[in-house]
Amino acid sequence: MEKQLIISISREFGSGGHVIARMLSERYGLPMYDRNLLEEISKQKCLDSNTLYKYDEAKRNKLLSRTVRGYSSSPEDNVAYMQFDFLKEKAKSGESFVVLGRCAESILKDFDGLISIFVTGDLESRIRRTMERENLTYDQAKSKVAKHDKTRKAYHNNYSEGKWGDSRFYDMCINSSVVGVEDTCATIADFIDRKIKADNK
Amino acid sequence: MLIAQILAVVIFVAMFVLIITEKIERHFVTLGCGVLTLVLVFGACMQSWDAIWETLNVQNIFTPSFWIAAGEAGESTSGINWATIIFIAGMMIMVEGMAKAGFFRWLCMTLAKLVHYKVIPLFIAFMIMSSVLSMFIDSITVILFLAAVTVELAQMLKFNPIPMIISEIFCANLGGSATMCGDPPNIIIGTSLGFSFADFFTNTGVIAAIALVAVIFFFFFSFRKDLMKSSAEEKIDIASLPKPSEAIVNKKEFVFSVIIFLAAVIMLVTHAETGLTVAFIGAVIAVVTLLAFWRDIPELLKKVDYKTLLFFIGLFIVVGGLEQTHVLELVASFIEMISGGNLLLMVAIILWLSAAASAVVDNIPFAATMIPVINSISQTSGLDISVLAWSLALGTDIGGSATPIGASANVVGISVAAKQGHPIGWGQYCKHAIPATVIVLVICMVSIFIRYSSHLV
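Residues numbered from 1 in each chain as written. Chains lettered and ligands numbered in written order. Predicted model: local features only at pLDDT ≥ 70, side-chain atom pairs only at ≥ 80, totals over all residues. Heavy atoms only, no water.

Here's the deal with the layout of surface pockets
Residues and elements named next belong to chain A.
Piece 1. The volume enclosed by the largest pocket comes to roughly 850 Å³.
Piece 2. Within this model, the second largest pocket holds a volume of roughly 520 Å³.
Piece 3. Around the second largest pocket, the lining comprises 25 residues; the ones closest to its centre are Arg-11, Phe-13, Glu-57, His-148 and Arg-152.
Piece 4. Per element, the largest residue contribution to the lining of the second largest pocket is five residues, and it comes from helix H7 (residues 138-159).
Piece 5. A class-by-class count of the residues in the lining of the second largest pocket yields four nonpolar, seven polar and 14 charged. (1 Å grid on protein atoms, 1.4 Å probe; cavity = no way out; pocket = protein on both sides within 12 Å on 5 of 7 lines; lining within 4 Å. Points joined across faces, edges and corners; volume = space filled by probe spheres on them. Helix = DSSP H or I, 4+ residues; strand = E, 2+ residues; numbered from the N terminus. Nonpolar A, V, L, I, M, F, W, Y, C, P; charged D, E, K, R; others polar.)

As structure tokens, then:
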């Protein structure tokens, strides 16, 4: 039986992390979980996924929320933990998958099959990429990159043991601006292949 | 004394800020601040062993009147209110026993069956049940079970559970205001100022009953579109729904837990006549529950929320610091000054100030702080302490309903809903809860003005 493989991709905004995650999911024939996690959860519980999306990958507002006996009034907290539980269940069932964001490198750290990657990028090239992808002006793209990075960092650091982008907490940190998104993906895949080989020895 | 006063205030404010930020667990915050109060305020500044002794209040536990009193004499407003802590601990153990036996789920399912699983009758029945149960059982437990069953029924009967959960939360807080043991602020007020269960029931209880009728109408009209839409859905096969009897985990334990609960209610209702204090009642129900569930004693004791009990102990010490340094008398003088000696205005300020504060901060520390304040106001203005006590109790209990973080029941109810995929944001919650809170507070104010008019002129 093949060993479990969980590829966790964390990323800076505009670094191409999402594209890389999708390419890896196709390459290894694994399902990919990102925002679509909420759709799966909604289907299971017969809910409207749109109500959950607005709290996805957001940090709780500490002044506007309280915790009593482990119960939090923050919708952000509850949506985050709902996704963490879902991912843990998937991992426990032995399923292999690619997961984008969602603090997966931290919440799934006890699973041997996990390989965690952080994709970064030069600020300038991330802004250019965002401009092209979303048809924005330079200033709009710059502000969008800064805003999303700030939100992701706050969300991640709220629920994870390690800091967002801190190399000590990932198996690999890679700058996608150096060789481009496709070659970065190939480099990551090579690293994953070597891990699979090492695991199967 | 000035330095002691400043230090006491600084420690108190720091405690509140740390509780709000949740960086450190709240029982560590209050205990840490409590130790600072004992060492810095009483020890270093006041150099008063008497202040430390009075605040720790341990000697009180070893007096017969702590357990059996001829009439409810009142523990004292100063220091750790051990009666509150023992009573809450006893109730926690009893409630754990009831939950373990499946009582709450059985009750919810039975009521749902009685109304034939029809959404609107269910909506009204659950609001009433939430109020009535919260009169005797802590509102967190009531909401924990009620919200969970509501979400479960909502999935099966295909209705939106959010309107029902918001209404249940509101009614739990309202029901808690009706009795001495319904909400922690009431227990603290009752034991500190010497009021009985009957005193609360015949005063705040009557006002809460009037308010409940108004609230049922308000929430019905507020949520009628959602409810009507749900009612129009396709027919559900009732036979496929879980039977109430399936909720009972162990029949023998179920019967025991019901008997213990009824005995607790009888003891509470009659404690003014029997002379049994709430500390005694709390201790008895804890011991009897543990005997009835003797096989599960470790499990039941493990489930007691010690963090809340420690939170109370630290909190009482910090408030004791404000009291011993006479800071709260200054607050009382300030309230008297801005009301210009007008008793009606004074009562209105206590009611609305308590409500506004409780909507944004934990109502337990607020109530504990305000008790010495209303005591001082009563002594200097001559206004009957009971009128101020009812205003404080209603303000703190009802005000907590206004926002998602105002009371513990709100947090737990919202969390249970969100965990099942029904997040409730501030906007959605406050849109309905704030008008309901204002309506109830107006009812409270008018009722107090009319009923106690002889004291207020």
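Now that the structure has been shown, we can carry on.
Structural notes on the nonpolar core
Piece 1. Ranked by internal contacts, the top residues of the largest apolar core, which has 168 residues, are Met-15, Met-94, Leu-122, Phe-126, Ile-137, Leu-153 and Phe-219 of chain B.
Piece 2. Take this core: its biggest share by element is 13 residues, from helix H5 (residues 82-101) of chain B.
Piece 3. Apart from residues lying up to four places away in sequence, Phe-126 of chain B is in contact with Cys-108, Leu-111, Ala-112, Leu-146, Val-149, Thr-150, Leu-153, Met-164 and Glu-168 of chain B.
Piece 4. Membership of the second largest hydrophobic core comes to 26 residues, among which are Tyr-33, Leu-47, Phe-97 and Phe-111 of chain A. (Core = buried A, V, L, I, M, F, W, Y, C linked by side-chain atoms within 4.5 Å. Buried < 20%, exposed > 50% of the residue type's maximum accessible area, 1.4 Å probe, protein only. Contact = heavy atoms within 4.5 Å.)

A short note on the interface of chain A and chain B
How big an interface is tends to be stated in terms of the accessible area lost upon association of its parts.
Piece 1. Facing the 20 residues of chain A at the interface are 32 residues of chain B.
Piece 2. At the boundary of chain A with chain B, total buried surface from both sides reaches about 2,200 Å², with 57% on carbon and sulfur atoms.
Piece 3. Contact with chain B buries surface across chain A, with Arg-66, Arg-69 and Tyr-71 of chain A losing the most and accounting together for 33% of the total.
Piece 4. Inspection of the chain A/chain B interface yields four salt bridges.
Piece 5. Of the charged contacts, one joins Arg-69 of chain A and Asp-305 of chain B as a salt bridge, the two residues approaching to 2.9 Å between their closest N and O atoms.
Piece 6. Within the residue set of the side of chain A that touches chain B, elements represented by two or more residues are helix H3 (49-53), strand E3 (67-68), strand E4 (71-72) and helix H4 (75-92) of chain A.
Piece 7. At three residues, H4 of chain A tops the list of elements feeding residues into the side of chain A that touches chain B.
Piece 8. Looking at the side of chain A that touches chain B, its residues break down into nine nonpolar, six polar and five charged. (Buried area = accessible area lost by both parts, 1.4 Å probe. Salt bridge = Lys/Arg side-chain N within 4 Å of Asp/Glu carboxyl O.)

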